[in-house]
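Architecture at a glance
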Number of protein chains: 2
Amino acid sequence: MENSKKIQNIGFIGSGKVATNMATALYKQGFSISQIYSPTNKHAQILAEKVGAESILSISDFQKSLDLIIISISDSAVSQLDFSNIEKSILVCHTSGSLNMNVLNSQTNYGVFYPLQTFSNQRIINLTNIPICIEANDRNNLKKLLELGKSISNNVSEIDSQKRSILHLAAVFVCNFTNAMYAIGEEILEEANIDFDLLRPLIEETAHKVAHHSPKKVQTGPALRNDTLIMDKHINNLKDNKDFKEIYKLMSTIIHKENNVK
Amino acid sequence: MENSKKIQNIGFIGSGKVATNMATALYKQGFSISQIYSPTNKHAQILAEKVGAESILSISDFQKSLDLIIISISDSAVSQLDFSNIEKSILVCHTSGSLNMNVLNSQTNYGVFYPLQTFSNQRIINLTNIPICIEANDRNNLKKLLELGKSISNNVSEIDSQKRSILHLAAVFVCNFTNAMYAIGEEILEEANIDFDLLRPLIEETAHKVAHHSPKKVQTGPALRNDTLIMDKHINNLKDNKDFKEIYKLMSTIIHKENNVK
């Protein structure tokens, strides 16, 4: 039977970075965050206190009257959840970039609510411009989750599991690997006793440039120009750090290829 | 003999991205950009018109009365310049991150004026917060170049050739290689017909995070958690793109090592 009641009472499984940012945003928009479960109850308590919720010790403690349970735990932990303890008709969604929606198909109503962003414990961010990718098992649940997304973001769209996993893959490159590049820059400077602050304006502008341009069109540097003189010098300066040398060579090859073939 | 006259009349060798951004900033601060030489005279003319300068056809046409000549051309082109055509006493500096100051030592007065930033033809940027790294052959020239730097930026410091080359190396990682990561993200989405706009808020936040934190401390993602399930899926999704697969594996290894050893 179709339940057209709007989402109001929400439970969370998980209390990490994603859950904390999402619960906070939804709470601020007037949703009632009723219950929070986490394998580590202390973590559930900390988040529960922030959003006026109750922390529970087992997922069998979820009220039958909840409109939605949002699961924000690691992919492998989702697969291990025992849904027999959850009321079959409650709409349940996960927030994972790479997990197929169908892992939740033991429920009658299920979907995905994936915020495409990197979250920190250090800062609660404004979700207004964050893309939220929605998927659901039927039109009614899709409508509910789209509406929920639109209450916290202007950038909500329906994306299927296949496309979502491609987005997640691309996100690893532009976020995790990019941050690793920042960390390598920091390490290189540390060894020479140079302040990382000197690189911060460059990091900012590099990101800023692609806000309106295609990355391929704004590439700069020795690899683009195939300036082997500078590149050899740089590789020498990396001394005996094999990983950094290999990254340097591989990235330079990719930059050179991409900009000369296409 | 020491010439303590402040810098006022400036000539440029080069009219590319760096020269254009620097000449524009200096011009706006009231310096007189007198003459511009470029191997391609048409390019010199375009910049000359923007900053009220004269474009010249040969570096032997530089006026003897210039206070400074800024060289902004490729490293290899700097080494090929014939300085016998330039008045010996004119202060000459280059803007390269990796070229030793001493390549200019056929002059009596020389130095380095290196803006640590990525420049585009598409946008003239505000240099106020851009680090400018200064080096000079003596205290007098150092003072002059520091002063010149401070007229366009609040972030000017004395950095020797060795430290500058380390900075330049780190800059390649946080700027060129980071932009290449953006380009890979774009390419992955293109192939699946997904709009790159979806990644832009993530790129912005990833850069924003390290404005106040150490990159190592804000790393996220499957490699950090050593989530081999997701990583294997991602590598499969990269299909037959060998370069991207290799980058994916190498960056994941580095992220995992960095965050577990240190």
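The structure this text deals with has already been given above.
Note that this is a predicted model, so its numbers are computed, not measured. (Residues numbered from 1 in each chain as written. Chains lettered and ligands numbered in written order. Predicted model: local features only at pLDDT ≥ 70, side-chain atom pairs only at ≥ 80, totals over all residues. Heavy atoms only, no water.)

1. What about the relation of the copies chain A and chain B?
This is how the line gets drawn: Here the copies are superposed with least squares, the fitted atoms being C-alpha atoms of residues at a pLDDT of at least 70 in both. Contacts between residues were defined by any pair of non-hydrogen atoms, one from each residue, lying within 4.5 Å.
For the match of chain A to chain B, the screw axis carries a shift of 0.0 Å, the RMSD comes to 0.0 Å, and the turn is 180 degrees. Here the symmetry operator amounts to a two-fold rotation axis. Among all residues of chain A, the one whose C-alpha sits closest to the rotation axis is A:Thr178, at a distance of 2.6 Å. Both copies share a contact surface, since 100% of the interface residues of chain A are interface residues in chain B too.

2. Things to note about the state of the cysteines
Residues and elements named next belong to chain A. To be explicit about the condition: For the purposes of this analysis, a disulfide is any pair of cysteine sulfur atoms at a distance within 2.5 Å. Each residue's exposure class comes from its accessible area (1.4 Å probe, protein chains only) as a fraction of the maximum for that residue type: buried when under 20%, exposed when over 50%, partly exposed otherwise.
According to the stated counting rule, one finds 0 disulfides over all chains in the structure shown. The cysteine Cys175 is free of any disulfide, with Cys133 supplying the nearest cysteine sulfur at 14 Å. By relative accessible area, Cys175 is classed as buried at 5%.

3. Let's talk about the environment of B:Gly149
All names here are of chain B. Where we set the bar: A helix here means a DSSP run of H or I that spans at least four residues, while a strand means a run of E at least two residues long, and both kinds are numbered starting from the N terminus.
In this structure, Gly149 sits in helix α4 (residues 139-152). Given the relative accessible area of 0%, Gly149 is considered buried. Sequence spacing of Gly149 and Leu127 is 22 residues, and the spatial spacing of their C-alpha atoms is 9.8 Å. Beyond its immediate chain neighbours, meaning those up to four positions away, Gly149 contacts Phe113, Ile132 and Val156.

4. Quick look at the side chain of B:Asp67
Residue and element names in this part refer to chain B. For the record, the criterion: What qualifies as a polar contact is a pair of N or O atoms within 3.5 Å, subject to a donor-acceptor requirement within protein and to the restriction that residues adjacent in sequence count only when both atoms come from side chains.
With respect to the helices and strands, Asp67 occurs in the loop between β3 (54-56) and β4 (68-71). Classification of Asp67 as buried rests on a relative accessible area of 11%. At 2.8 Å, the side chain of Asp67 forms a polar contact with the backbone nitrogen of Gln8. Reaching out from Asp67, the side chain makes a polar contact with the backbone nitrogen of Asn9 at a distance of 2.8 Å.

5. Quick word on helix α4 (residues 139-152) of chain A
Helical geometry note: an α-helix holds 3.6 residues per turn, so side chains three or four residues apart project in the same direction. All names here are of chain A. Stated precisely, the cut-off is as follows: Expected helix span is computed as 1.5 Å times (number of residues minus one).
Helix length check: α4, at 14 residues, gives a terminal C-alpha distance of 21 Å against a target of 20 Å (1.5 Å per residue), a fit within 8%. Among the residues making up α4, those that are buried are Asn140, Asn141, Leu142, Lys144, Leu145, Leu146, Leu148, Gly149 and Ile152. Where α4 starts, the residue carrying a side-chain oxygen 3.2 Å from the main-chain nitrogen of Asn140 turns out to be Asp138.

6. Structural notes on the interface of chain A and chain B
By convention, interface size is frequently given as the accessible area that disappears when the constituent parts associate. Let me state the cut-off plainly: When two parts are put together, the accessible area they lose, computed with a 1.4 Å probe and summed over both, is reported as buried area. Should a side-chain nitrogen of Lys or Arg be within 4 Å of a carboxyl oxygen of Asp or Glu, the pair is scored as a salt bridge. Gly is put with the polar residues, along with every residue not named as nonpolar or charged; the nonpolar set is Ala, Val, Leu, Ile, Met, Phe, Trp, Tyr, Cys and Pro, and the charged set is Asp, Glu, Lys and Arg.
With 91 residues of chain A at the interface, the matching set in chain B holds 91 residues. Of all residues in chain A, the largest losses of buried area upon contact with chain B belong to A:Phe173, A:Val174 and A:Leu198, amounting jointly to 7% of the total for that side. The interface formed by chain A and chain B holds 6 salt bridges in total. At the junction of chain A and chain B, the tally comes to 27 residue pairs in polar contact (both at pLDDT 80 or more). If you list the elements that add at least two residues to the side of chain A that touches chain B, you get α5 (161-191), α6 (200-209), α7 (228-237) and α8 (242-261) of chain A. Broken down by element, the residue count for the side of chain A that touches chain B peaks at 27 residues, all from α5(A). Its residues assigned to classes, the side of chain A that touches chain B shows 47 nonpolar, 26 polar and 18 charged.

Interpretation note: all reported values are geometric properties and have no functional meaning in isolation.
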